[in-house]
Amino acid sequence: MDKEYILKHKEHPVLLFKLNDDFELSEMGEVFDSKRLPFGLKYEGNKNAQYKQLSDWIENRGLPKSRSDLVYINKDTNTRNSVELCFGSYALNLTDQYWAHGTNEDLCWEKSNFFDNPFGNIIDFDTNGTYKESRHIRVAPDLTVDGSLRKKWIIDKKTNIRFLLKGSRYDEMQEPFNEVIADKIMELFGIEHVEYGLIKNKSNNMPLSYCECMVDRDTEYMTAQYVKDSELRENRNEYGRLIDICEKNGINGARQEIDKMIVLDYIMGNTDRHTGNFGIIRNAGSLKWLNVAKIFDNGNSLCHETKDIGDMENYVDSYSRWFNNTNFENLKYIEFPEWYSQSSANKIIDIVDACLADNERISNEKKKKLVKIVGLRIKVLEQFLNDRLPSRRLP
């Protein structure tokens, strides 16, 4: 039998909808506040298109199907899929202020949200699944976090700050180290970013990256997908469309911030930049757009899924999921980066070398090649900048 839910944004009712026994959208009901819908309004007035947007939002709200441990989590919690997990946790997360509950339930935001209230630890990095003693827990942000890597949220008991811990998918466990490398590169150039650190899981020495929650009870992260879905594409490329919409909504300097991300992704060889891991921050009360979100999620970089690197020239460019097909092709959009300096760039190789040295799972041969590949990318980047804008050559 279908169950009726109410989607809310903090304490504001947004819309009614129903899920069937398989936790699929079966009906989109009354919309109470279209401005607070969790998806862009480019299809406003088109019920069929908005039904599809809502269905996609529900499908993607919880753990992705690509999570390697999802099958174990479902087994441990006796759930059928990630959507059942998600709505068992009221679709709450630590990214935005949306949530949903049955219309027959009497719940309030103040006592339910994860920003103000404690929550249990569910994900176990020692095994593929959940802590045995936590399998009765159904409401936790571990069940609604995006991304394919194993992740869990913790609360620092001294500061009450929420931190996200992330693992890796491959034998070399390189992703956490890559997060730290990107962190140090951005710090070198003074680029706004989410700060990452590295710790080891005590029982099995598994490397984990950690970062502080980038929003709080008054702000929220809205993805680039939400941004671009705010308007139809018209005659703009995806890059121009994104910048235009940000500027129309009061975010000055959006292009400069996106350009920094493009340059970083080229240097790192980030193969997983997509419309879900960059976006904007807005005020959750007034809905005012505040700024481009700080750069985060840089782990899928530096040939992280390749054990044996052959010809290094084949890795000077890398695949891109956003804008164009490669990270080098994305460089054609950027303006001259006034923030970039060759003296700082010369230190990047040392950062890569030092950080990878701490990962005993990567061969020395691969480490040496990665350092050389990053050096090649920096040369190509600087040559590109000088050729494209010869009147403003790098010093």
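What counts, and at which threshold
- In this convention, every chain numbers its residues from 1, walking through the sequence in written order.
- pLDDT decides what is reported in this predicted model: residues at 70 or higher carry local features, side-chain atom pairs at 80 or more are listed and counted, and totals for whole chains, interfaces and linings draw on all residues regardless.
- Remark: hydrogens and water are excluded; side-chain values derive from all non-hydrogen atoms of the structure.
- Only DSSP runs of H or I reaching four residues or more are called helices, and only runs of E reaching two or more are called strands; each is numbered from the N terminus.
- What the globule rule says is 2.2 Å times the number of residues to the power 0.38, and the radius of gyration is computed from C-alpha atoms.
- Only protein chains enter the area calculation, which uses a 1.4 Å probe; residues under 20% of their type maximum are buried, those over 50% are exposed, and those in between are partly exposed.
- Any pair of nitrogen or oxygen atoms within 3.5 Å is treated as a polar contact; in protein, a donor-acceptor pairing is required on top of that, and neighbouring residues in sequence qualify only through side-chain atoms on both sides.
- What makes two residues a contact is simply this: any of their non-hydrogen atoms within 4.5 Å.
- Only strands that DSSP links by at least two bridges are regarded as paired with each other.
- To define axes, lines are fitted to C-alpha atoms, for helices over the stretch in contact only, and angles between the resulting N-to-C directions are given on a 0 to 180 degree scale.
- For Phe, Tyr and Trp, rings pair up if their centres lie within 6.5 Å, where Trp contributes its six-membered ring, and each pair is then called stacked (planes under 30 degrees apart), edge-to-face (over 60) or tilted (otherwise).
- We count a salt bridge whenever a side-chain nitrogen from Lys or Arg sits within 4 Å of a carboxyl oxygen from Asp or Glu.
- In this description, the arc belongs to the directions extending from the helix axis to the C-beta atoms.

Undergrad: Looking at this model, I keep getting lost on the overall build of the protein. Mind explaining?
TA: From N to C terminus, the protein includes 12 helices and 13 strands. Taking 2.2 N^0.38 as the reference for a compact globule, 395 residues should give roughly 21 Å; the C-alpha atoms of the protein span a radius of gyration of 22 Å, in line with that estimate. Each of the three principal axes of the protein carries a C-alpha extent, and together these read 65 × 55 × 40 Å. Taking all 395 residues of the protein together, the buried fraction comes to 55%.

Undergrad: Would you explain the side chain of K166 in this entry?
TA: Within the secondary structure layout, K166 lies in strand β8 (residues 162-166). The exposure class of K166 is buried, given its relative accessible area of 4%. Of the polar contacts made by the side chain of K166, one reaches the side chain of E179; its length is 2.8 Å. Setting aside its immediate chain neighbours within four residues, K166 contacts R150, K151, P176, E179, Y196, P207, L208, S209 and D297.

Undergrad: Help me out: how do you make sense of the sheet that holds strand β1 (residues 3-9) in this one?
TA: Within a sheet, neighbouring strands are paired by backbone hydrogen bonds and run either parallel or antiparallel to one another. One open sheet accounts for four strands, arranged β3-β2-β1-β4; its pairing is antiparallel. Each having just a single partner strand, β3 (25-31) and β4 (98-102) make up the two edges of the open sheet. Averaged over neighbouring strand pairs, the angle between their axes works out to 25° when direction is ignored. By the bridge criterion, seven bridges tie β1 to strand β2 (residues 12-19) in an arrangement that is antiparallel. The residue of β2 that forms the bridge with K8 is P13. On the sheet, helix α1 (residues 47-60) packs against β1, β2, β3 and β4 and is oriented at approximately 115° with respect to β3.

Undergrad: Would you mind showing me how to read the pairing of strand β13 (residues 289-292) here?
TA: As a general feature of sheets, a regular strand has side chains that alternate between the two faces. Pairing of strand β12 (residues 279-283) with β13, which is carried by three bridges, proceeds in the antiparallel orientation. Opposite I280, over in β13, you have V292 as the bridge partner.

Undergrad: Quick question: what am I supposed to make of the packing of aromatic side chains here?
TA: We describe a pair of aromatic rings using the distance from one ring centre to the other and the angle between the two ring planes. Applying the stated criterion to the full structure yields 20 aromatic pairs. Aromatic pair Y5 and F17: ring centres 5.5 Å apart, planes at 10°, arrangement stacked. With Y5 in strand β1 and F17 in strand β2, this residue pair connects regions lying 12 residues apart in the sequence. Judged by its relative accessible area of 5%, Y5 falls in the buried class. For F17, a relative accessible area of 1% corresponds to the buried category. Seen in terms of ring centroids, W57 and Y98 are 6.2 Å apart; in terms of plane orientation they differ by 70°. Their pairing is edge-to-face. Of the two residues, W57 is situated in helix α1 and Y98 in strand β4; the sequence distance between them amounts to 41 residues. Exposure class is identical for W57 and Y98. Each is buried. By the ring-pair criterion, three or more aromatic residues cluster together here, those being Y239, F278, W322, F323 and Y333.

Undergrad: Just to check I follow, could you spell out the pattern of salt bridges for this structure?
TA: It is possible for side chains bearing opposite charge to pair when their charged atoms get close. All chains considered together, the criterion is met by 31 salt bridges. With a shortest N-O distance of 3.9 Å, E192 and K294 are connected by a salt bridge. In this pair, E192 sits in the loop between α5 (175-189) and β9 (196-200) while K294 sits in the loop between β13 and α9 (327-330), placing the two residues 102 residues apart along the sequence. Classification of E192 as partly exposed rests on a relative accessible area of 49%. Residue K294 is classed as partly exposed on the basis of its relative accessible area of 41%. Each of E231, E234, R236, D244 and K248 takes part in a single network of salt bridges with overlapping partners.

Undergrad: I tried to follow the sheet that holds β8 on my own but got confused; where do I start?
TA: Taking strand neighbours across the sheet as the criterion, the four strands line up as β7-β8-β10-β9 in an open arrangement whose pairing is antiparallel. Of all the strands in the sheet, just β7 (151-155) and β9 have a single pairing partner and so form its edges. Taking the axes of each pair of neighbouring strands and ignoring which way they run, one obtains an average angle of 30° across the sheet. Here β7 runs beside β8; their pairing, made up of five bridges, is antiparallel. Counterpart to I155 in the pairing with β8 is R162.

Undergrad: Where do I start with helix α2 (residues 70-77) in this structure?
TA: Along an α-helix, residues three or four apart share an orientation, since each turn contains 3.6 residues. Considered for burial, the residues of α2 that qualify are L70, I73, N74, D76 and T77. Looking down the long axis of α2, one finds its buried residues gathered within 165° of arc, a one-sided arrangement. Residues of α2 that are exposed and angled more than 90 degrees away from the buried face: V71 and K75. Elements that come into contact with the buried residues of α2 comprise α3 (82-88), β5 (123-124) and β6 (129-130). N78, located one to two residues past α2, shows a positive phi value of around 55°.

Undergrad: Please explain helix α11 (residues 348-357) as it appears in this structure.
TA: Residues of α11 that are buried include every one of I348, I351, V352, C355 and L356, and no others. The buried side chains of α11 occupy one side of the element, clustering within an arc of 115° when seen end-on. Residues of α11 that are buried make contact with α5, α8 (254-268), α10 (342-345) and α12 (364-388).

No statement about biological role is implied by the geometric values presented.
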